[in-house]
Amino acid sequence: MTRRIKKVAIIGSGIMGSGIACHFANIGVEVLLLDIVPRELNDKEKAKGLTLEDKVVRNRLVNDALAASLKSKPSPIYSKKFVERITTGNLDDDLHKIKDVDWVMEVVVERLDIKQQVFEKVEKYRTPGTLITSNTSGIPIKFMNEGRSEDFQKHFAVTHFFNPPRYLKLFEVVPGPQCKQEVTDFLMMYGDKFLGKTSVLAKDTPAFIGNRIGIFGIASLFHIVKEMGLTIEEVDKLTGPVIGRPKSATFRTIDVVGLDTLVHTANGVKDNCPNDEMRDIFEIPDFVNTMMENKWLGSKTKQGFYKRVVGENGKKEILSLDLDTLEYRPKQRAKFATLELTKTIDNVIDRFKVLVSGKDKAGEFYRKSFAAMFAYVQNRIPEISDELYRIDDALKAGFGWENGPFEIWDAIGVEKGIELMKAEGKEPAAWVVDMLASGSKSFYSVKDGATYYYDIPSKSQAKKPGQDAFIILDNIRESKEVFKNSGVVVEDLGDGILNVEFQSKMNTIGGDVLAGLNKALDMAEKDYQGLVVGNQAANFSVGANIGMIFMMAVEQEYDELNYAIKYFQDTMMRMRYSSIPTIAAPHGMTLGGGCELSMHADKVVAAAETYIGLVEFGVGVIPGGGGSKEMTLRAQDLFHQGDVQLNVLQEHFLAIGMAKVATSAYEAFDMNVLQKGKDVIVVNKDRQIAEAKKHALLLAEAGYTQKPMRKDILVLGKQALGTFMVGTDSMKASRFISEHDQKIANKLAYVMAGGDLSEPTKVSEQYLLDIEREAFLSLCTERKTLERIQHMLKTGKPLRN
C-alpha cells in the first residue's frame with residue numbers, strides 16, 4: 001500500500017505540540033491541533049460575559065498556545081500564510097475528526113496515566129490503519145500500548161522530535177514491539193524525505209539515543225568542571241565552535257533549554273538504567289541541586305549559569321555564576337594556549353588531534369572528557385543501537401554537533417582513544433578490540449563516494465544505508481576533483497554535471513572564487529552538460545569579500561576596484577547567459593553577493609532554511625554585482641500584472657533599502673528573490689546537491705539553449721526617481737535615516753529608475769549594470785562608507801552613521 005500523509009492530528013498544543021504542528025504545515029500538510037477544554041473562565045472571559053460553553057472559551061488553551069508559538073523567535077513557521085493549514089479544536093468537541101486523518105500524534109505531558117487516557121479516547125475514533133505515534137522522550141512503549149487493539153499496536157511507534165521542531169534535525173523513530181516493519185520503514189523515510197530530518201532508528205530504552213548520550217556528555221562535564229576547578233566561561237570556550245558545537249556551548253545551552261529539563265532527563269536515566277556502568281555520572285551534583293532549589297533554571301527564570309542585569313550606568317551586562325561560591329560575578333575572559341594552536345586549522349575534524357595533545361588545562365580537559373565519552377558510547381552498543389553510526393547521527397542532528405563521538409574518536413585515532421580511556425581507568429569494549437584485530441583501524445571509511453561503517457556482527461565495513469539520495473561532497477572531493485584554486489573546488493558529480501564548491505572563509509566571493517566560477521563555466525561549456533554551484537558548509541555565502549573592497553577604496557585604487565566590480569558583474573551574467581544550464585543551491589546565510597549569484601542562475605534549488613537577501617546597505621553601498629539591476633528587472637516583469645508600476649518598483653526598492661533578509665526560502669518568494677514557477681525548495685538540506693544535479697540534467701535534456709541578453713527592461717525614469725527622493729527626504733527629515741543612508745538610498749533610486757530619463761524607456765541589462773557599478777564606485781569614495789565597511793570587518797555588525 002502506498003501511504004500518503006495529507007492530514008495529521010496533533011494532540012497537545014504545548015511548545016512541542018504547536019511546534020510540530022507548524023512544521024507539518026511548513027511542508028504542506030493539513031493539521032488538526034487539539035487540546036483540553038479549560039476548567040474555568042479567565043478574567044477576560046468573565047468580563048465579556050462568556051461561559052464555559054462558548055467555543056472561544058473551549059478552544060482558548062489551544063489557540064493561546066499556537067499564538068504563543070507563532071510569536072516565538074526564531075519562528076516555527078516558514079511563512080505566515082502557512083498558518084492557514086492549521087485548524088484548532090478541543091478534545092471534547094473535535095476528537096471525532098481524527099477519523100479523517102492519516103496520522104495521529106500524541107504530544108501531551110510526560111505522564112503515563114494521561115497518555116493512556118488519550119490513547120483510549122483516540123481508539124474510539126481512529127480509522128484502522130492510521131498511523132499513531134507518541135512524541136514521548138522516554139516512557140516505555142509497552143506501558144503506553146497496554147490494553148490497545150491489535151491494529152493500534154501494529155501502527156504504533158514513538159516519533160521523537162527535538163525542540164524546536166523546525167530547526168533541530170533529529171527525528172528518532174522507536175517502533176513498538178508489535179509495530180509492523182512497513183510502518184517503521186515509512187516513518188524513517190517520511191522523516192528524511194518530507195520532514196527534512198535525520199531519521200534515526202532507536203530502541204525503546206530510557207532517553208533513546210540523542211538524550212542518553214547528550215545528557216551523559218553534560219553530566220560528565222559537571223563532574224570534570226569541579227574536579228579541574230574550571231569556570232563556566234572556560235568550559236563554554238572549550239565546548240563551543242572550536243570543537244564544532246553551537247556557540248551556546250554547554251552552560252548557555254542549559255540556560256536556554258532549562259536546567260529542570262536536563263535534571264529530569266538525567267534522573268530518568270539514573271532511575272531506569274540500573275545496569276549502566278556509568279550510572280553515578282548521572283547523579284546530580286550539589287551545585288546543580290542548589291540551583292534547582294533557588295529556581296535558577298535559566299532563561300525561563302531570568303537566571304541560571306548566566307544572568308543578565310542592568311548596571312549602574314544603565315548598560316546591560318551578563319554575569320556568570322561562580323560554581324564554588326554560587327554567587328554571580330562579572331564574566332571572565334577564557335584563554336588557552338592549546339586553542340591558539342587550532343586557529344589556522346579550518347576543518348574542525350582536523351583539530352581534535354591537536355586538542356588532546358595540549359600541554360595546558362585545555363589539553364587535560366579534552367583528554368578527560370573525550371575519554372569519558374568514548375568509554376560510554378562504546379558500551380551503549382547494542383543496548384541503545386546495533387549500529388554505531390546511529391549514535392553519531394543522533395548527536396549531530398539533535399545537539400548540533402559537527403562530528404559525532406565515533407567520528408571524533410576516528411579523528412584522534414582509535415588506538416589513541418583507547419590510550420586516553422586507559423589513562424582514566426577505562427577499558428575498551430570487546431568489539432572495539434575485535435575491530436582492531438580484524439584489520440579495521442577506523443570506525444568509518446569512504447569508498448566510491450559512499451560512507452562505510454564498522455559493522456560489529458560481520459566484523460567488516462558495511463555501507464551506511466540511505467545514502468543513495470545524497471551526494472556527500474566530503475566523500476567525493478578528492479576523487480572527483482577536476483579543478484581547484486584557493487577559492488573553489490570543482491567536482492564532477494557524474495552524468496555530465498559539474499559542481500563549484502566555495503572554499504573561502506565564510507564562503508565569501510573574491511577574485512579567486514570568481515576565477516574558479518569562470519573556469520568551471522569554461523569547462524562545463526566545453527565538455528559537460530550543466531553546472532551546479534553548491535556547498536555543504538554552514539552557509540552558502542555571506543557575500544562579496546568586503547575586505548578586498550575596503551583595501552582598494554582606502555588605497556584609492558578606483559580603476560582596480562572598477563575592474564573588480566565589473567568582473568563580478570560579468571561573472572554573474574555568465575551564470576545567466578551560458579550555453580549550459582546553471583543551478584544555484586543556496587542554504588543558510590545567502591547574503592549580498594551570494595544572493596546575487598543565486599538570482600542569476602537559471603534555477604535555484606534552495607534549502608528551506610535559506611536566509612537570503614541583498615544586505616549591502618549595511619556596509620554603506622548598494623548591490624553592485626548585478627543585484628540592483630536584477631531587482632529592477634524583476635519588478636518590471638511584474639508590471640503587466642495590474643498593480644501600479646511605481647508601487648511594484650517601490651516594493652523591490654525597499655527590499656534592498658531595508659536590507660531585508662528572508663527568514664526561510666518560502667519567504668524569499670514573497671520578496672521576489674526566489675521566483676515562483678522557476679525555483680524550487682528542498683526541506684532536507686542533505687538532499688540538496690543531488691536535487692540540484694537532477695534539475696541541471698532536466699534542463700539539459702529538455703534542450704537548453706543560451707538566451708540573448710535582455711534589452712526590453714522598462715524603467716520609469718524621473719517619475720520613479722522623483723517619488724523615491726521625496727520619500728528619502730521625508731525619512732531624513734523625520735530622523736528615521738541618517739544623511740549617509742539618504743545618499744545611499746538616492747543612489748539606489750537612480751539605478752532602479754534607470755537614471756533621470758524624462759519618460760519611461762526600455763533599456764538593456766548592460767545599461768543598468770553600468771549605472772549600478774558607477775553608483776557603487778561613487779559610494780566607495782565616501783568616508784562614511786569606509787567607516788561602515790571597517791566596522792563590519794571588525795565587529796561583524798552594521799554601523800549606522
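Before any of the text, the structure's been laid out above.
First things first, this report covers the structure right here in the doc. (Residues numbered from 1 in each chain as written. Predicted model: local features only at pLDDT ≥ 70, side-chain atom pairs only at ≥ 80, totals over all residues. Heavy atoms only, no water.)

**Some thoughts on the overall build of the chain**
Along the chain, the regular secondary structure elements total 34 helices and 25 strands. A principal-axis box enclosing the C-alpha atoms of the chain has dimensions of 80 × 70 × 65 Å. Taking as baseline every contact in the chain between residues at least 6 positions apart, the subset at least 24 positions apart corresponds to 69%. Total accessible area on the chain stands at roughly 35300 Å², and carbon and sulfur atoms take up 51% of it. (Helix = DSSP H or I, 4+ residues; strand = E, 2+ residues; numbered from the N terminus. Contact = heavy atoms within 4.5 Å. Areas by Shrake-Rupley, 256 points an atom, 1.4 Å probe, with all protein chains shown as cover.)

**Considerations on helix 27 (residues 627–636)**
For helix 27, a buried count of 10 out of 10 residues is recorded, marking the element as mostly surrounded by other parts of the structure. Among the residues of helix 27, those classed as buried are Gly627, Ser628, Lys629, Glu630, Met631, Thr632, Leu633, Arg634, Ala635 and Gln636. Tucked into the core, helix 27 has its buried residues touching helix 25 (558–576), helix 26 (593–600), helix 28 (645–657), strand 24 (713–715), helix 32 (739–753) and helix 33 (765–780). (Buried < 20%, exposed > 50% of the residue type's maximum accessible area, 1.4 Å probe, protein only.)

**What about the sheet that holds strand 23 (residues 680–682)?**
In spatial order, the strands read 15-16-17-18-19-21-23; together these seven strands make up an open sheet with mixed pairing. Where the open sheet ends on each side, the last strands, each with one partner, are strand 15 (481–484) and strand 23. Taking each pair of neighbouring strands and ignoring which way they run, the sheet shows an average axis angle of 20°. With two bridges connecting them, strand 19 (residues 582–585) and strand 21 (residues 603–607) associate as parallel partners. Counterpart to Ile583 in the pairing with strand 21 is Lys603. On top of the sheet, helix 23 (residues 511–527) reaches strand 15, strand 16 (488–494), strand 17 (497–502), strand 18 (530–534) and strand 19; it is set at about 175° to strand 17, its chief contact. (Pairing = 2+ DSSP bridges. Axes fitted to C-alpha atoms, helices over the stretch in contact; angles between N-to-C directions.)

**Some remarks on the sheet that holds strand 12 (residues 444–447)**
Here we have three strands laid out as an open sheet, ordered 12-13-14, and antiparallel in their pairing. Sheet topology places strand 12 and strand 14 (460–463) at the edges, where each strand pairs with a single neighbour. Sheet twist, expressed as the average angle between the axes of neighbouring strands with direction ignored, equals 40°.

**Here we look at the pattern of salt bridges**
Overall, the coordinates contain 57 salt bridges when judged by the stated rule. Between Glu110 and Lys115 there is a salt bridge, and its shortest N-O distance comes to 3.0 Å. Residue classification places Glu110 among the partly exposed positions, given a relative accessible area of 33%. As a salt-bridge pair, Lys226 and Asp324 come within 3.1 Å of each other at their nearest N and O atoms. Highlighted residues: Lys226 in helix 10 (residues 210–228) and Asp324 in the loop between strand 10 (316–321) and strand 11 (328–330), separated in sequence by 98 residues. Look at Asp324 and you get exposed, because its relative accessible area is 66%. (Salt bridge = Lys/Arg side-chain N within 4 Å of Asp/Glu carboxyl O.)

**What to know about the pairing of strand 8 (residues 198–201)**
Pairing geometry for strand 7 (residues 170–175) and strand 8, over four bridges, is parallel. Residue pairing for strand 8: Leu170 is matched across the bridge by Thr198. Remark: the strand 7/helix 9 (residues 181–193)/strand 8 crossover connection has right-handed handedness. (Right-handed = clockwise from strand over helix to strand, strands pointing away.)

**Re the packing of aromatic side chains**
In total, this model carries 36 aromatic pairs according to the counting rule given. Here Phe222 and Phe305 contribute two aromatic rings whose centre-to-centre distance is 6.4 Å and whose plane-to-plane angle is 35°, an arrangement assigned as tilted. Placement of Phe222 in helix 10 and of Phe305 in the loop between helix 14 (286–293) and strand 9 (306–310) is noted, with a sequence separation of 83 residues between them. Phe305 carries the same exposure label as Phe222, and that label is buried. (Phe/Tyr/Trp six-rings, centres within 6.5 Å; stacked < 30°, edge-to-face > 60°.)

**Re helix 13 (residues 259–272)**
For helix 13, spanning 14 residues, the distance from its first C-alpha to its last is 20 Å, which sits close to the expected 20 Å at 1.5 Å a residue. Every buried residue of helix 13 is listed here: Leu259, Leu262, Val263, Thr265, Ala266, Val269 and Lys270. Around the axis of helix 13, the buried residues are gathered within 165° of arc, so they sit on the same side. Across helix 13 from its buried face, at more than 90 degrees, point the exposed residues His264, Asp271 and Asn272. In this fold, the buried residues of helix 13 make contact with helix 10, helix 12 (251–257) and helix 14. (Expected span 1.5 Å × (residues − 1). Arc of directions from axis to C-beta.)

**Considerations on the environment of Asn507**
Within the secondary structure, Asn507 sits in the loop between strand 17 and helix 23. The exposure class of Asn507 is buried, given its relative accessible area of 5%. If sequence neighbours within four positions are ignored, Asn507 has contacts with Phe502, Asn535, Ala537, Asn539, Phe540, Ser541, Val542 and Gly543.

**Comments concerning the environment of Gly304**
Here Gly304 is to be found in the loop between helix 14 and strand 9. Each C-alpha atom, one on Gly304 and one on Val288, is 10.0 Å from the other, the two residues being 16 residues apart in sequence. Setting aside residues up to four positions removed in sequence, Gly304 forms contacts with Asp255, Met291, Trp296, Gly298, Leu321 and Tyr328.

**Quick word on unusual backbone geometry**
Cis geometry is adopted by the peptide bond preceding Pro74, which originates at Lys73 and carries an omega value of 0°. Position of Pro74 among the secondary structure elements: in the loop between helix 4 (60–71) and strand 3 (86–90). In the Ramachandran plot, Ala249 falls in the positive-phi region, its phi being about 50° despite a non-glycine side chain. Tracing the backbone shows Ala249 in the loop between helix 11 (232–238) and helix 12. According to the relative accessible area criterion, Ala249 is buried, its value standing at 11%.

**A closer look at the packing of helix 24 (residues 546–554) against helix 25**
Across the interface, helix 24 lies against helix 25 with an axial gap of 8 Å and an inter-helix angle of 150°. Judged by the inter-axis angle, helix 24 sits roughly antiparallel to helix 25. Along this stretch, helix 24 crosses helix 25, giving a crossing that reads as left-handed. Of helix 25, the residues touching helix 24 (which contributes Ile549, Met552 and Ala553) are Tyr558, Glu560, Leu561 and Ala564. (Parallel < 35°, antiparallel > 145°, perpendicular 65-115°, else oblique. Left-handed = near helix turned anticlockwise from the far one by under 90°.)

**Quick look at the pairing of strand 2 (residues 30–35)**
Judged by how many residues are buried, strand 2 sits mostly within the fold: five of six residues are covered. Where strand 1 (residues 7–11) meets strand 2, five bridges bridge the pair, whose relative direction is parallel. What sits directly across from Val8, in strand 2, is Val31. Between strand 1 and its parallel partner strand 2, the chain crosses via helix 1 (residues 15–26), and the hand of that crossover is right-handed. Summarising the sheet, strand 2 and strand 3 pair through five bridges and their orientation is parallel. In the strand pairing of strand 3, Asp35 is matched with Asn90.

**As for the packing of helix 10 against helix 18 (residues 388–399)**
It is at 9 Å that the axes of helix 10 and helix 18 come closest, and there the two elements cross at 75°. Put simply, helix 10 runs roughly perpendicular to helix 18. Seen from helix 10, the contacting residues are Gly210, Asn211, Ile213, Gly214 and Ile215; seen from helix 18, they are Ile391, Ala394, Leu395 and Phe399. Classifying every residue of the contact of helix 10 with helix 18 by side-chain character gives six nonpolar, three polar and no charged. (Nonpolar A, V, L, I, M, F, W, Y, C, P; charged D, E, K, R; others polar.)

**A few points about the side chain of Lys197**
Residue placement: Lys197 occurs in the loop between helix 9 and strand 8. Despite its burial, Lys197 remains without a salt bridge, the nearest opposite charge being carried by Glu609 at 7.2 Å. Polar contacts involving the side chain of Lys197 include one to the main-chain carbonyl oxygen of Pro165, which spans 2.3 Å. A distance of 2.9 Å separates a polar side-chain atom of Lys197 from the backbone oxygen of Leu168. (Lys, Arg positive; Asp, Glu negative; His and termini not counted. Polar contact = N/O pair within 3.5 Å; in protein donor to acceptor, adjacent residues only side chain to side chain.)

**Some words on the side chain of Asp741**
For Asp741, the position within the fold is in helix 32. For Asp741, the contacting residues outside a window of four places in its chain are Phe617, Arg788 and Arg800.

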